[in-house]
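Reading the structure
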2 protein chains.
Amino acid sequence: MLHRTAIALAICLLLPPALADEGMWTFDNPPLSRLDKTYGFQPSAAWLAHLQQAAVNFGASSSFVSPDGLLLTNHHVALGCIDKLSSPARDLAHNGYVAHQRYEELRCPGSMARVLRSSEDVTQQVVEASKTASGGDAVTAMRKRAIARLEADCKQQTGLACEVVPLYKGSLYHLYRYKEWDDVRLVFAPEYQAAFFGGDADNFVYPRHALDFALLRVYENGQPVRPVHYLKLAKRPVAEGDLVFVAGHPGATDRLLTQAQLATLRDITLPIKLASLKRQQAELHAYSQRSPEAARQALDRLFGTENGLKSGLGQEAALLDPKTTAQKEADEQQFRTAYHQQGLAGDPWAEAEAASKREASRAKELWALGYGYRTLFEYAGQLVEQAYERQLPESERLNAYRSAGLPEIERRLRAKVPFYKDLQVAVQAGYFAEAEQLLGKGHSFVRTVLMDATPQEAAEKAIRNSKLDDVNERIRLLQGGVAAIEASDDPLLQLARKVYPLRRELVRYQETQIETPSKQAAEQLGQARFALYGRELPPDATATLRLSYGKVAGYQAGGISTPWKTTFGGLYARADSFDGKPPFDLAPKVAAARSKVVPSTPLNFVTTADIIGGNSGSPVVNRDGEWVGLIFDSNLESLGNRFAYSDTTARSSAVDARAILHALERIYGAPELARELRGGK
Amino acid sequence: MLHRTAIALAICLLLPPALADEGMWTFDNPPLSRLDKTYGFQPSAAWLAHLQQAAVNFGASSSFVSPDGLLLTNHHVALGCIDKLSSPARDLAHNGYVAHQRYEELRCPGSMARVLRSSEDVTQQVVEASKTASGGDAVTAMRKRAIARLEADCKQQTGLACEVVPLYKGSLYHLYRYKEWDDVRLVFAPEYQAAFFGGDADNFVYPRHALDFALLRVYENGQPVRPVHYLKLAKRPVAEGDLVFVAGHPGATDRLLTQAQLATLRDITLPIKLASLKRQQAELHAYSQRSPEAARQALDRLFGTENGLKSGLGQEAALLDPKTTAQKEADEQQFRTAYHQQGLAGDPWAEAEAASKREASRAKELWALGYGYRTLFEYAGQLVEQAYERQLPESERLNAYRSAGLPEIERRLRAKVPFYKDLQVAVQAGYFAEAEQLLGKGHSFVRTVLMDATPQEAAEKAIRNSKLDDVNERIRLLQGGVAAIEASDDPLLQLARKVYPLRRELVRYQETQIETPSKQAAEQLGQARFALYGRELPPDATATLRLSYGKVAGYQAGGISTPWKTTFGGLYARADSFDGKPPFDLAPKVAAARSKVVPSTPLNFVTTADIIGGNSGSPVVNRDGEWVGLIFDSNLESLGNRFAYSDTTARSSAVDARAILHALERIYGAPELARELRGGK
């Protein structure tokens, strides 16, 4: 950790330009001055404590919304529970579910809800514990022990679940204390098609029309819990321009990537990925044209490819956004100046850039020799690799084959999955052709896999006579170790054996020359940034409770005016526009209720609040701390939020509170739940 | 014209790859084999003659849709008539109009409708006439005389209006014979806001929700005309995937631009324009923030800038479309090969490329020294230029100041327009700063306009004390000729005088080194293409009657699934989504009729048919030659259609016939007109 007392006075001069509504802030350090300056809003300590304790971690995010422990989250967050409670005879996912009475509420198997009761800065204790250590590994080990001790002591003293969370890349350690409940019951779920209207096509696209909410209830000792803090429904519905807050559990961000790293992503790695995905998409469309059966076989793969493409395009658009780019550049410039002015040691930007250049120099190989195509070739490669890597001591193995990762690889190899040889050949031929195009005919990988044949011939040869599509054959090879692998005359396996040394060299290079130095640079940057700016800047997300804020606002993208909200009328209109063809078909109860639904009722809306995966199910609250909506998605442009926040066109999407009440009352016949949400009895 | 008999046999081998649904075809040469091959459709001669004679030129496009001469076109096509019939006391544009009885039908002042009765190939006569001429000018003059004679003879013989139309860049000359009517009366117009819902924001954007239609009636001798051919309403409404036809009057296309020319447009001139428009947009937004009055002053200019930006972005997207690009490249490659194989003389590609390079080399000057900013500086420039250019013989003048163009320039200088000095200064300062940035401080234009001051200072100095905002001063200078111009001490006029020699050199360069050689290359290419491929390829648009075709289809753009149609429900939903704020406010009668309107009724739809400006008001007909819709716009992506047709995401937009009937019956209380359209009495 860097020395920071000497530079405290300089902080206010050094602050980087404030990024509008950026930040997933910890509740102990909300951006009070930004909120005051931008919105004239000063949340009290009580306001913050109330929201913190009404926010509930339920896998992703959720919140208490009634004095009787009612929990509001997304349908897609509750889907794990819903699926577990379903059977062919009672398909709760497809049909939805309403518990009109408490005894109809269904306990979710293996669910856990928890609330962050309090937190405490334990940085000194953790750092102190490693003071006598020399060498990075010794420091890590001693800190790990100190953390385990702090967590155990805390649990004993408070009876709460305790967890030490590193913040600002290990600049701070905070002890989080959680109240946990393991009895969570399903109260209400809409039909899957109502929650996920538009399916993959509309996923992270806005305008959106999704009733993506569910209600659960937390029980304690067989009775509904009476939470001290729960969110009340807003007296005044949300409106354009409103300041709103989001309390939830964003998973991970990488906001400290340097300009050099972002440039490599934008100019090298992302374009390679996008070109490949576009090619795969075209290839799968062509394959689908062969017959209806071919189309059925390719469907899942096509969905995956198109969603990958969509998210890649979103990232690209975000990385090309001139406003964000200018802001990030100015920010880095100022950070570097401050860093050098303060005489901090080292040059993490140079380290990051060097790693980034190494990545760029081998980017085509990293793509073409990766197993990103999910063909049988990948299974062959994993069979070969696990056999050989297991023979090595743990520390010398490729990361993926260390003990911690092996069960997942085995699980995958043992899983019974259908393979279609024609489709496999088509995809594999495309993969080989792409490798040839990216690396050139002379590259040893290309020579090895093609052996002077065309990509199509090579794919035919390797795939047609392979038995790896048979799960029993895979299990035999898995159990037989290196001997079985080397004895096999399976053409695909033989190919994978030949490719293994090339793959191994490349993956090792990736681990040692790219990933490790990048991670070290990120830690150095994170700690330097913290030393220079302290807690005036938000930390990267760590899947713990955070507070985001922003305004409710539409946007202009590509010449199209996009409104701040959608309506039920818009839902019916979008279904009609596609003649109700899937994924734009109306869920049966939504279709049946059309005449009872008021079309102008708001359905979804968007805000500039800074969120990322894990925020699903977060309540959206107003200045009075009352809930006005429920986060469930974000638009394509916000996919760049992982690297850089932008409010130009990036938006987080929420279900409007009015939509939830309207659906309960007019579509799903659950007025008692609407009453409970309204605070009535 | 190139010699073509020798190569006729080679044609089928040489045909360039067919571009899906490309083409604005003449009715005497429809793409029969393409239609048969792609859609299995074989239109009969009667089918074609019927559609040709039901299509009516009414400024832009329209069609007869009843036996009593009812004419269907767009509201925005009829708007000239509607405006002329309006007064402050009777605002037909704002309120709409319904003539329930014939006597209520209002004659449009100065309107003309015409139908193409027949056409005849007169190429030989025109070419023959110039056989004895030597030199391009002599050829042109003799052909002009021959054309005038053909037109006069035709009129005398037939009593019809006759016009000789050059096709394929002068490869063919066709004599068109029109029946004309000058008594056209307004029958029905919806409210402006219903026809143009979404205003500039939704203009050339899809999804669209516009009731952009109007009805007129053609009279002859005081009685409704009984057209031999009129379109019947389709018995079966249009559906996704349908083959449809568009008969209308596309204005102009430039499909013969070479790869080099497209590359210059895409990489040089368009980016300069887009960067400038983005800068201007930001500048105008900043200006608008100053006060509500400033926002009001900047509004028109902001709309214009944003629409220019939108259309530029659409062009850019189209020029970057990989499918179109690949197709154009392949097409050119094949054309060049065929051209050289056939031993055709010259190298028009090289000529076009050379001109294109000259344009690229001075592109920044052409932008920065142009008068594209609509400030007082442009008025000053035109005052100076017209005075000096008038002194020169016609043939030596800059093209804009030849006799034909002078009245328009004078009209503009004499027009009383409000100028806001603050806004003028802001825009002018931005213009100067941009010139400095584009050309560098050392460029003579920059030195001349800045004279060592900052852009802001220079703009202040030139604008603040100028009197050119006073129309009387402009008229005085216009009438005073060079003497008045040289005597004036107006700072802006003095600046324009200093800039004039620079401007003149540049504009002359543009005319002689870019425009003229480009036009010559285009003619050479067009004629060569015609010689090689004959009429298997469509000619560029020439504002005469054409037939386009395509299928009804939605599309995917930027990860967003866009449906083939919109609905009335979608219209109300879009208005609701913006809280009814302009330009998304509902027209009063549309709002009032909400409960009577069936939300699932289709409103607009899109097709791949190849159209361009001038097609507004074209009927969309089905295989049975019945009308199913009315062209009124196209989406952003189709703005590249000027240069290259694409069916990836480029679409033309139409009002669905059902929307027209529904609006007449449920919103505007005109069931008798709906009955007439349905073929009832």
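Keep in mind it's a predicted model, so treat the numbers as computed, not measured.

About the thresholds
- Residues numbered from 1 in each chain as written.
- Chains lettered and ligands numbered in written order.
- Predicted model: local features only at pLDDT ≥ 70, side-chain atom pairs only at ≥ 80, totals over all residues.
- Heavy atoms only, no water.
- Buried < 20%, exposed > 50% of the residue type's maximum accessible area, 1.4 Å probe, protein only.
- Helix = DSSP H or I, 4+ residues; strand = E, 2+ residues; numbered from the N terminus.
- Pairing = 2+ DSSP bridges.
- Least-squares fit on C-alpha atoms with pLDDT ≥ 70 in both.
- Contact = heavy atoms within 4.5 Å.
- Axes fitted to C-alpha atoms, helices over the stretch in contact; angles between N-to-C directions.
- Expected span 1.5 Å × (residues − 1).
- Bend = angle between axes of the 7 residues up to and from the residue.
- Buried area = accessible area lost by both parts, 1.4 Å probe.
- Salt bridge = Lys/Arg side-chain N within 4 Å of Asp/Glu carboxyl O.
- Polar contact = N/O pair within 3.5 Å; in protein donor to acceptor, adjacent residues only side chain to side chain.
- Nonpolar A, V, L, I, M, F, W, Y, C, P; charged D, E, K, R; others polar.
- Arc of directions from axis to C-beta.
- Disulfide = S-S within 2.5 Å.
- pLDDT = per-residue confidence, 0-100.

Bringing the pairing of strand β8 (residues 172–181) of chain A into the picture now. Residue and element names in this part refer to chain A. Counting buried residues in β8 gives eight out of ten residues, a clear majority hidden from the surface. Alignment of strand β6 (residues 113–121) against β8, held across eight bridges, turns out to be antiparallel. Paired with serine 119 across the strands is tyrosine 176, a residue of β8. In this structure, strand β7 (residues 161–167) lies alongside β8, joined through seven bridges in antiparallel fashion. By the bridge assignment, alanine 161 is partnered in β8 with tyrosine 178. The loop that links β7 with its antiparallel partner β8 comprises four residues; one of these, tyrosine 168, has a positive phi angle of about 50 degrees.

Let us now look at the relation of the copies chain B and chain A. For the pair chain B and chain A, the relating rotation is 180 degrees, the translation along its axis is 0.0 Å, and the fit reaches an RMSD of 0.1 Å. These values place the two chain copies in the arrangement generated by a two-fold rotation axis. Taken together, the interface assignments show that 100% of the residues at the interface of chain B recur at the interface of chain A, consistent with an identical surface on both copies.

Bringing the sheet that holds strand β19 (residues 627–634) of chain B into the picture now. All names here are of chain B. Strand order in the open sheet formed by seven strands is β13-β12-β18-β19-β20-β17-β16, with antiparallel pairing between adjacent strands. Since the sheet does not close on itself, it has two edges, and those belong to β13 (546–551) and β16 (565–567), each with one partner. Ignoring strand direction, the axes of neighbouring strands in this sheet form an average angle of 30 degrees. Relative to strand β20 (residues 652–656), strand β17 (residues 602–607) is paired through four bridges, and the arrangement is antiparallel. If you follow threonine 607 over to β20, its bridge partner there is serine 652.

In this section: helix α10 (residues 259–288) of chain B. Along an α-helix, residues three or four apart share an orientation, since each turn contains 3.6 residues. For α10 of chain B, built from 30 residues, the straight-helix expectation of 44 Å at 1.5 Å per residue is met to within 8% by its first-to-last C-alpha distance of 41 Å. Taking the largest bend as the criterion, α10 of chain B deviates by roughly 40 degrees, centred on leucine 270 of chain B, and proline proline 271 of chain B comes between one and four positions later.

Taken together, the 29 residues of chain B in the interface contact 29 residues of chain A. Buried surface at the junction of chain B and chain A, summed over both partners, amounts to about 2,100 Å²; 54% is from carbon and sulfur atoms. Inspection of the chain B/chain A interface yields four salt bridges. At the junction of chain B with chain A, the criterion picks out twelve residue pairs in polar contact (both at pLDDT 80 or more). It is helix α22 (residues 568–577) of chain B that contributes the most residues to the side of chain B that touches chain A, six residues altogether. Looking at the side of chain B that touches chain A, its residues break down into eleven nonpolar, ten polar and eight charged.

All names here are of chain A. Taking 1.5 Å of rise per residue, 20 residues should cover 28 Å, and helix α12 (residues 322–341) covers 28 Å from first to last C-alpha, within 8% of that figure. Among the residues of α12, Thr324, Thr325, Gln327, Lys328, Asp331, Glu332, Phe335, Ala338 and Tyr339 are the ones counted as buried. Take α12 and look down its axis: the buried residues cluster within an arc of 165 degrees, on one side only. Exposed and facing more than 90 degrees away from the buried side of α12 are Pro322 and Gln341.

Attention now goes to the state of the cysteines. All names here are of chain B. Following the criterion strictly, the structure yields four disulfides over all chains and no others. Disulfide pairing places cysteine 81 opposite cysteine 108 at an S-S distance of 2.1 Å. Disulfide cysteine 81-cysteine 108: the torsion about the S-S bond is -70 degrees, which places it as left-handed. Of the two residues, cysteine 81 sits in helix α4 (residues 75–85) while cysteine 108 sits in the loop between β5 (106–107) and β6 (113–121), which places them 27 residues apart along the sequence. Assigned by exposure class, cysteine 81 and cysteine 108 land together as buried. The side chain of cysteine 154 participates in a disulfide bridge whose partner is cysteine 162; the two sulfur atoms lie 1.9 Å from each other.

Attention now moves to the pairing of strand β12 (residues 243–248) of chain A. Residue and element names in this part refer to chain A. The buried fraction of β12 is high, at six of six residues. Because side chains alternate across β12, one face comprises the buried residues Leu243, Phe245 and Ala247, and the other comprises Val244, Val246 and Gly248, equally buried. Note: β12 against strand β13 (residues 546–551), six bridges, orientation antiparallel. By the bridge assignment for β13, glycine 248 is matched with arginine 546.

Residues and elements named next belong to chain A. Across chain A, the average pLDDT comes to 92, with 97% of residues at 70 or higher. Within the model, the stretch residues 1–14 combines pLDDT values under 50 with 24 contacts to residues more than four positions away or in other chains. This complex was scored by the predictor with a pTM of 0.87 and an ipTM of 0.86.

Our next topic: the pattern of salt bridges. Residues and elements named next belong to chain A. In total, this model carries 100 salt bridges over all chains according to the counting rule given. Of the charged contacts in the structure, one is a salt bridge between glutamate 626 and lysine 235, with a shortest N-O distance of 2.2 Å. Residue glutamate 626 is located in the loop between β18 (619–621) and β19 (627–634), and its partner lysine 235 is located in the loop between β11 (223–224) and β12; the two are separated by 391 residues in the primary sequence. By relative accessible area, which is 6% here, glutamate 626 ends up buried. Since its relative accessible area comes to 71%, lysine 235 is described here as exposed. Members of the salt-bridge network, linked through shared partners, are Asp68, Arg102, Glu105, Arg217, Arg226 and Glu676.

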